[in-house]
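Chains, contacts and geometry: an overview
Here's the letter readout for the chains.
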Amino acid sequence: MPIALKPGHQWDIHQTYGRILDTGTVPDNTWVALIVDDRTGRFVVDSGLHATRDEAIAAAEAKYSPTVGG
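Presented here is a report on the structure given in the accompanying data block. (Residues numbered from 1 in each chain as written. Predicted model: local features only at pLDDT ≥ 70, side-chain atom pairs only at ≥ 80, totals over all residues. Heavy atoms only, no water.)

Considerations on the overall build of the protein chain
Broken down by element type, the protein chain carries one helix and three strands. In the protein chain, the order of α-helices and β-strands from amino to carboxyl end is β-β-β-α. Of all 70 residues assigned to the protein chain, the portion counted as buried reaches 36%. Restricting to contacts in the protein chain with at least 6 residues of sequence separation, those with at least 24 account for 43%. Here the protein chain has roughly 4,500 Å² of accessible surface; of this, 55% comes from carbon and sulfur atoms. (Helix = DSSP H or I, 4+ residues; strand = E, 2+ residues; numbered from the N terminus. Buried < 20%, exposed > 50% of the residue type's maximum accessible area, 1.4 Å probe, protein only. Contact = heavy atoms within 4.5 Å. Areas by Shrake-Rupley, 256 points an atom, 1.4 Å probe, with all protein chains shown as cover.)

If you want it as structure tokens, here you go:
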């Protein structure tokens, strides 16, 4: 994970079993990457469902900035 997270933020990356509805080629196993606030346990960035782990991380990175979440 090449981006630097704000202090108090951490990655939470999981493989899920949701289906991406707009493509017929993606299996039921999908990935979601969250950036979570350590103090509250809430996510500050949600990548959404993606076919690969790398795609999920890239989507979360694109949405994240050091000013997110205070």
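Some points on the sheet that holds strand 3 (residues 43–46)
Strand order across the open sheet formed by three strands is 1-2-3, with antiparallel pairing between neighbours. Edge strands, defined here as strands with exactly one partner in the open sheet, are strand 1 (9–16) and strand 3. Across the sheet, the mean angle separating the axes of adjacent strands is 25° when strand polarity is ignored. Most of the contacts of helix 1 (residues 53–63) go to strand 2 (residues 30–37), to which it runs at about 35°, and overall it touches strand 1, strand 2 and strand 3. (Pairing = 2+ DSSP bridges. Axes fitted to C-alpha atoms, helices over the stretch in contact; angles between N-to-C directions.)

A closer look at helix 1
Taken as a whole, helix 1 has its buried residues at Ala56, Ile57, Ala59, Ala60 and Glu61. At its buried positions, helix 1 is contacted by strand 1, strand 2 and strand 3.

Here's the deal with the nonpolar core
Residues Trp11, Ile13, Trp31, Ala33, Ile35, Val45, Ala56, Ile57, Ala60 and Tyr64 constitute the largest nonpolar core, which totals 10 residues. Contacts of alanine 60, omitting those with residues within four sequence positions, involve Trp11, Ala33, Ile35, Val45 and Ser47. (Core = buried A, V, L, I, M, F, W, Y, C linked by side-chain atoms within 4.5 Å.)

Brief notes about the environment of valine 32
Residue position: valine 32 is located in strand 2. The buried category is assigned to valine 32, whose relative accessible area is 12%. Residues valine 32 and aspartate 12, 20 residues apart in the sequence, show an inter-C-alpha distance of 8.4 Å. Every residue in contact with valine 32, bar those within four places of it in the chain, is listed here: Asp12, Ile13, His14, Thr16, Asp46, Ser47, Gly48 and Ala56.

Quick notes on the pattern of salt bridges
Per the stated rule, a full pass over the model turns up one salt bridge. As a salt-bridge pair, arginine 39 and aspartate 37 come within 2.8 Å of each other at their nearest N and O atoms. Looking at arginine 39, the relative accessible area reads 66%, which means it is exposed. (Salt bridge = Lys/Arg side-chain N within 4 Å of Asp/Glu carboxyl O.)

Examining the pairing of strand 3
Across three bridges, the pairing between strand 2 and strand 3 is antiparallel. Bridge pairing in strand 3 places leucine 34 opposite aspartate 46. In this structure, the hairpin formed by strand 2 and strand 3 is closed by a connection of five residues, where glycine 41 is found at a positive phi of approximately 80°.

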